[in-house]
Amino acid sequence: MDIRYTDALIIGGGLAGLRSAIATTSKGLDTIVLSLVPVKRSHSAAAQGGMQASLGNTIMSEGDNEDVHFADTVKGSDWGCDQEVARMFVNTAPKAIRELASWGVPWTRIGKGDRDVVINTKKTTITEKDEAHGLINARDFGGTKKWRTCYTSDATGHTMLYAVANEAMRRGVVIEDKKEAISLIVEDGRCYGAIVRDLKNGGLIAYVAKGTMLATGGYGRIYKQSTNATICKGTGHAIALEAGAYMGNMEAVQFHPTPIVPSGILLTEGCRGDGGVLRDKDGYRFMPDYEPEKKDLASRDVVSRRMLEHIRKGKGVPSPYGDHLWLDISILGREHIEKNLRDVQEISKTFNGIDPADEGEKGWMPVLPMQHYSMGGIRVTPKGESVNIKGLFSAGEAACWDLHGFNRLGGNSVSEAVVSGMIIGDYFADFCSEHEINIDTKVVEKALKKQDDYLNELLAMEGDENIYDIKDEMRNIMQENVGIFRNGKDLDYAVKRLSELLVKSKNITITNKHRLLNPQLEEAYKVPMMLKVALCVAKGARERTESRGAHYREDYPKRDDVNWLKRTISYWANEDDIEPTLQYEELDIMKMEMPPAFRGYGKKGNTIENPLSQKRQDEIDKIKEANKDSNRYEIQDAIMPYELQDEYKKVNERIGVAQ
Amino acid sequence: MSKTNINENIVESLIGTTIEKKKSRIPARLDFLQSATGLFLAVFMIFHMLFVSSILISKDFMLSVTKAFELSFLFEGGSTIPVFIAISVVFAVFIFHAFLALRKFPINYRQFLRLKTHSNLMKHSDTNLWIVQITTGFALFFLGSIHLYTMLTNSGNIGPYASADRVYSDYMWMLYILLLIAVEFHGAIGLYRLSVKWGWFDSGDAKESRRRLKRVKMIMTVVMLLLGAMTLIAYMKIGYEHQANYGERYTLSSNIGDK
Amino acid sequence: MSKTEDASLEKQEQNIGKVEDVVKKSELVLEKEMSIDGSREITITSLKYNPSNPNSKPEFVDYKLRETPGMTLYIALTKIKATLDNDLSSDFVCRAGICGACGMLVNGRPQLACKTLTSDFESGKIELLPLPTFKLIKDLSVDTGTWMKNMSLRVNSWIVSKEKTDISKIEKPVEPKVADEVFELDRCIECGICVASCSTAIMREDFVGAVGLNRVARFQIDPHDTRTDEDFYEIIGDDDGIFGCMSLLACEDHCPKNLSLQSKIAYMRRKMVNV
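All of the points below concern the structure found in this document. The structure presented is a predicted model; accordingly, all values stated were derived computationally and were not measured.

## Let's talk about the overall build of chain C
In terms of helices and strands, chain C carries 10 helices and seven strands. Across the 275 residues of chain C, 63% fall into the buried class. When the accessible surface of chain C is summed, it comes to about 10700 Å², and 52% of that surface belongs to carbon and sulfur atoms.

## Some words on the sheet that holds strand β4 (residues 109-112) of chain C
Residue and element names in this part refer to chain C. Taken in spatial order, the five strands make up an open sheet running β2-β1-β5-β3-β4, and their pairing is mixed. The open sheet has two edge strands with one neighbour each: β2 (59-66) and β4. For this sheet, the mean inter-axis angle between neighbouring strands, taken without regard to orientation, is 35 degrees. Here strand β1 (residues 41-48) runs beside β2; their pairing, made up of eight bridges, is antiparallel. Its bridge partner being in β2, Glu41 is matched across the sheet by Arg66. Those strands touched by helix α2 (residues 73-84) are β1, β2, β3 (103-106) and β5 (125-129), and its axis lies near 100 degrees from that of β2.

## Concerning the packing of aromatic side chains
Using the criterion set out here, one finds 21 aromatic pairs over all chains in the structure. Joined through ring pairs, the aromatic side chains of B:Phe105, B:Phe138, B:Phe141 and B:Phe142 make up one cluster. The ring of C:Tyr267 has C:Lys264 sitting right over it, with the charged end atom 5.5 Å from the ring centre. The ring of B:Trp198 is capped by C:Arg269, whose NZ or CZ atom sits 5.7 Å from the centre of that ring.

## A few points about the interface of chain A and chain C
In this complex, chain A contributes 99 residues to the contact, which on the side of chain C involves 89 residues. Overall, the association of chain A and chain C removes approximately 7800 Å² of surface from exposure, summing both partners, and the carbon and sulfur fraction of that is 55%. If you sort the residues of chain A by the area they bury against chain C, A:Arg41, A:Arg312 and A:Tyr321 come out on top, with a joint share of 10%. Taken together, chain A and chain C are joined by eight salt bridges. For the pair chain A and chain C, the interface holds 36 residue pairs in polar contact (both at pLDDT 80 or more). Taken together, the residues of the side of chain A that touches chain C sort by class into 39 nonpolar, 30 polar and 30 charged.

## Some points on the arrangement of the chains
Of all two pairs of chains that touch, the greatest number of contacts is found between chains A and C. Of all C-alpha pairs spanning chain A and chain B, none lies closer than 16 Å, and the two are not in contact.

## What about the sheet that holds strand β15 (residues 365-367) of chain A?
Adjacent strands of a sheet form backbone hydrogen bonds with each other and so pair up, either parallel or antiparallel. All names here are of chain A. Pairing is antiparallel across the open sheet formed by three strands, whose spatial order is β13-β14-β15. Unpaired on one side and paired on the other, β13 (277-279) and β15 mark the two borders of the sheet. Ignoring which end each strand starts from, the neighbouring axes of this sheet average 40 degrees apart. Across three bridges, strand β14 (residues 325-328) lies against β15 in antiparallel orientation. Bridged to Trp326 within β15 is Pro366. Packing of helix α8 (residues 300-315) onto the sheet brings it into contact with β13, β14 and β15, and relative to β14 it is tilted by some 125 degrees.

## Notes on the packing of helix α2 (residues 66-76) of chain A against helix α3 (residues 83-102) of chain A
All names here are of chain A. At a minimum axis separation of 9 Å, α2 and α3 run at an interaxial angle of 135 degrees. The angle between the axes of α2 and α3 places the two elements in the oblique class. Crossing of α2 against α3: the hand is right-handed. From α2, Glu66, Asp67, His69, Phe70, Thr73 and Val74 reach across to α3, where they touch Gln83, Ala86, Arg87, Phe89, Val90, Asn91 and Ala93. Split by residue class, the contact of α2 with α3 holds six nonpolar, four polar and three charged.

## Points about the interface of chain C and chain B
Across the boundary between the two partners, chain C contributes 42 residues, which contact 33 residues of chain B. Taking both partners together, chain C and chain B bury about 3300 Å²; carbon and sulfur atoms supply 51% of that area. By the criterion of area lost to chain B, the three top residues of chain C are C:Met203, C:Glu234 and C:Leu248, representing 18% of everything that side buries. The tally of links from chain C across to chain B stands at six salt bridges.

## Digging into the side chain of B:Ser24
Within the secondary structure layout, B:Ser24 lies in the loop between α1 (8-15) and α2 (26-52). Judged by its relative accessible area of 8%, B:Ser24 falls in the buried class. Reaching out from B:Ser24, the side chain makes a polar contact with the backbone nitrogen of B:Ile26 at a distance of 2.9 Å. Aside from chain neighbours lying at most four places away, what touches B:Ser24 is B:Glu12, B:Thr18, C:Tyr233 and C:Gly237.

## Side note on the nonpolar core
One broad trend across soluble globular proteins is that nonpolar side chains are buried collectively. Ranked by internal contacts, the top residues of the largest apolar core, which has 199 residues, are A:Trp107, A:Ile222 and A:Leu498. Ranked by residues supplied to this core, first place goes to helix α15 (residues 519-543) of chain A with 14 residues. If sequence neighbours within four positions are ignored, A:Leu498 has contacts with A:Met474, A:Ile477, A:Met478, A:Leu531, A:Ala534, A:Leu535 and A:Ala538. Counting 53 residues, the second-largest nonpolar core is a separate cluster that includes B:Val196, C:Leu129, C:Phe134 and C:Ile159.

## Comments concerning the pattern of salt bridges
In the structure shown here, the tally under the stated rule is 98 salt bridges over all chains. With a shortest N-O distance of 3.5 Å, A:Arg306 and A:Glu309 are connected by a salt bridge. Pair noted here: A:Arg306 and A:Glu309 are both in helix α8, with a separation of three residues, about one helical turn. A residue is classified by how much of its surface remains accessible, and A:Arg306, at 7% relative accessible area, is buried. In this structure, B:Asp126 and B:Lys214 form a salt bridge, with 2.3 Å as the shortest nitrogen-oxygen distance.

## Structural notes on the environment of A:Gly50
Residues and elements named next belong to chain A. As for its position among the elements, Gly50 is in the loop between β2 (31-35) and β3 (51-52). For Gly50, a relative accessible area of 7% translates into the label buried. For the pair Gly50 and Thr144, spaced 94 residues apart in sequence, the C-alpha to C-alpha distance is 13 Å. Apart from residues lying up to four places away in sequence, Gly50 is in contact with Phe141, Thr149, Cys150, Tyr151, Thr156, Gly411 and Val414.

## Some remarks on the packing of helix α7 (residues 209-221) of chain C against helix α8 (residues 229-236) of chain C
All names here are of chain C. Two elements in contact, α7 and α8, have axes separated by 11 Å at closest approach and are oriented at 165 degrees. When the axis of α7 is compared with that of α8, the two are roughly antiparallel. Helix-helix and strand crossings are classified by hand; for α7 and α8 the assignment is right-handed. Contact residues: α7 offers Leu213, Val216, Phe219 and Gln220, while α8 offers Asp229, Phe232, Ile235 and Ile236.

## Some thoughts on the pairing of strand β16 (residues 370-374) of chain A
Side-chain positions along a regular strand alternate between the two faces of the sheet. Residues and elements named next belong to chain A. β16 sits mainly inside the fold: five of its five residues count as buried. Relative to β16, strand β12 (residues 253-256) is paired through four bridges, and the arrangement is antiparallel. Within β16, the position partnered with Gln254 by the bridge is Tyr373.

The rules behind the values
- Residues numbered from 1 in each chain as written.
- Chains lettered and ligands numbered in written order.
- Predicted model: local features only at pLDDT ≥ 70, side-chain atom pairs only at ≥ 80, totals over all residues.
- Heavy atoms only, no water.
- Helix = DSSP H or I, 4+ residues; strand = E, 2+ residues; numbered from the N terminus.
- Buried < 20%, exposed > 50% of the residue type's maximum accessible area, 1.4 Å probe, protein only.
- Areas by Shrake-Rupley, 256 points an atom, 1.4 Å probe, with all protein chains shown as cover.
- Pairing = 2+ DSSP bridges.
- Axes fitted to C-alpha atoms, helices over the stretch in contact; angles between N-to-C directions.
- Contact = heavy atoms within 4.5 Å.
- Phe/Tyr/Trp six-rings, centres within 6.5 Å; stacked < 30°, edge-to-face > 60°.
- Lys NZ or Arg CZ within 6 Å of the ring centre and 35° of its normal.
- Buried area = accessible area lost by both parts, 1.4 Å probe.
- Salt bridge = Lys/Arg side-chain N within 4 Å of Asp/Glu carboxyl O.
- Polar contact = N/O pair within 3.5 Å; in protein donor to acceptor, adjacent residues only side chain to side chain.
- Nonpolar A, V, L, I, M, F, W, Y, C, P; charged D, E, K, R; others polar.
- Parallel < 35°, antiparallel > 145°, perpendicular 65-115°, else oblique.
- Left-handed = near helix turned anticlockwise from the far one by under 90°.
- Core = buried A, V, L, I, M, F, W, Y, C linked by side-chain atoms within 4.5 Å.

The structure is reproduced here in structure tokens:
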């Protein structure tokens, strides 16, 4: 039997996994990163628009700091996030950007003096300060008060991923690609590694480690239409589920307003951030009517819903692929597009034959909201460890750390990936340093044999069902019944039907009987995994009878802070269950730095308020009053203290701001 | 224990680096020299073509060009030694260029097969041009050597009749047709390749510069082939008319009037 | 659909109900579109071979399918895999031309399959082969990952700096123009198309390829990197490096990111020859 030992095992080679690997190697731990694909092809690379960090360099972000970023993030999450985690995050994000700059991310920089930008469809000239010359620039993004999204043209995720992967290689991280973890080795509530399938030859290997981290990204592919890469199937979540781990808020799924129709390839939020606008069939810019303040740049959940609402008013553009709306960036001018939105232009030209730099209607791109991001994931503590399995950590999109609550802000995803890699990676390294591998080889061999038997069992099946049909149906159900607008009836249908599909998936036939590189066999073990994840999403959504962030219930359109200020925890209680078990984790308003209130966009008066919110606000006001001579760090600490590594807690320096 | 001086080459061939653990600078020199010798030969070929095609103007003109090379303006009647030396230099550069170019050739069946399949599948013009380049280069090993050796041993026998006799009566025309084609393709492609390789004439838009260079290359091949063909025909004609007097040398018509 | 007590929301709710219908309808139209009569039949031919299976022999298999509007090779191959041949392997990740996973020979030319529209082929015949120069895993799937990892390690594809960075202090300023230039070269997606296009790489497997030379040029111009030209010579100063390049430029002509490989390789050659 092939058993390999290491100190730290990281499953997933995107930004979060690789940055964590740097954290563990820098503490002298032998680290192996396993990845489904060569790590530089991870889905992090597809993040186009940028990374949020409150550097405050450009004139348009003057006055920005951690506090503003924190408030934007909490509002964006519709108060679903963990505010202590949000604090950890906003304080580390500027450091992450600066670290990445030193590792070679060619951030777009500021040139002093005048430059033309488009604000509210009008060309405007802004003047950058002399001392900002050469510092990292930022663009506008949805749901943010300041221009805070740092970027490299529209290939930000790509340059970040390459820089982090390169740095990981420099530090001697062992990266093994085309390796797929198909189960975790868990004994007595402690994780010891994973059983892994080698996708180059089909063999099984047991990786045994002091600590194991899942950084496997999102689960968008359970939907029919998603901007996610083909590898974002949520199998990382599934193996954690099967090991008994708790998932958090799986129903919190984000839909991005502007994937291009019909291919579903994402056009970055930077299009609107830089001044692009949405238009309807009459060429009318409709968003200001719905959202007078943030207009096209309200948070993603709000814009997506408003778009569908507008289509329903008959304002959509008819096409063979259904009604859609237009995204117009031609107003930004060819020069800007060819420099800062080049990938967008390339995608639009290649897949739709439209050059978005062409003036007027000719350059408008067809868009429609589609699944984009998974806020939910493996429920972890602020240190990143699974709340119920020791030695199992998770970071990035895979985790429910819970930075995003019920809606993530654009630019906070790659930012979270790197920042969680820094923070959680470091805690993970501590765990690996402090613990030994004390597991009986027999347990490992048993776990390996179990998977080996399972694969043989799948091959031997002689049922009537077709695994591809099951997958298609699952993805359609998710698309139609667990989408942007949800209701009890559809969700109930979804849960029941998905459970049936899970049963059916055990009654299939694989026509090719070989174990070596058999794509059909891969589907056969992946689809049931995806179904389990889908069930967590659907059931969590069915039970949550309120609307919060991206989770919108037509039958319960209000945010209910009285009954639903809590996190959904879903898990697989017994191996043979056909749906997950749910329980809830309360959010404590009395510990919040920012108690629930109006987000500043979306519908007003759409909240069932919790009396504690006001009570907490009064308390906070009192603390502020009592500490009015203190600096903002001290006041913050008095309201909501939080733990963070000393290195990351340091004050972030900014131009023109006294320390 | 004493230390013997070590042979640098032994160290480099075993270890892969010099004694200072640095990479050898030789590959850089070789790369440069391959280009430099190629450039020299290509420029030489352009002038060579211009000189031999002087026959198209007149026999007298051709003879005076020849005499100029024999440095007749320095001493009475000229000498064949400068020509001999010039040919020797060109021959040496030619051999050295061939030696350097060999490094790039497919050298076994597998490499040959892969290259051939690659170019057939891909249908990429610059790659195909390189196939032309190695084919003509290979031909030039022989064609060029024969010609150069012939000229080396006949450095005194260059002139309107001498050359024409060689072309016609000595049956060199067959060689010259092949040589002409091989040289003109090889030289023009080579010059084009040098330009893109070193980034000459790169106006900032590399793709556009390359398109322009390719056009120049095409024109050059056509012009040189035409010029060469016409020249060859001219010598054939003279050689045909002069076959009865094989061996006779041409003298300037303004002198005694040998017609 | 269950009703809430709040009557004022009822209208809005109904409106939204219809939105769901719109989405469902679009799905139906999409399905219908897929089976439009009169769309042509295309033939995709693929190499099939599984080197890890001793019983497998290389063969060419034809797949006939109806072309749908805007069909890319990603869509076509996904359809083939789900309906015609469950055993066909290929590599797709982002399916948007961003990740570089799906390079293959399409009618002989190395390109990204996800960005290739079937409608570009008038004859309706498309022959697919795995990228040469990389180890074949199965059918159209090749191991670019190992090759690229070795390349990165070999050219030290990372910032080498003597400076220490304090990440809580203001970052080192970089001229905006220089940052843009570095970004231009940093756009490489390691798809391997330059390597598969390269006549040197086809013949000599140790050749570093345009991807490696471009990477060195990227760090050479990066102000964060303190390496000198002498240092870079140690990496690419031989016939497996810059001097192995014959400037046939199929790399430049096929690069899906339109990187200026021609200029940058020439630039590195001039630098390295003068070391």
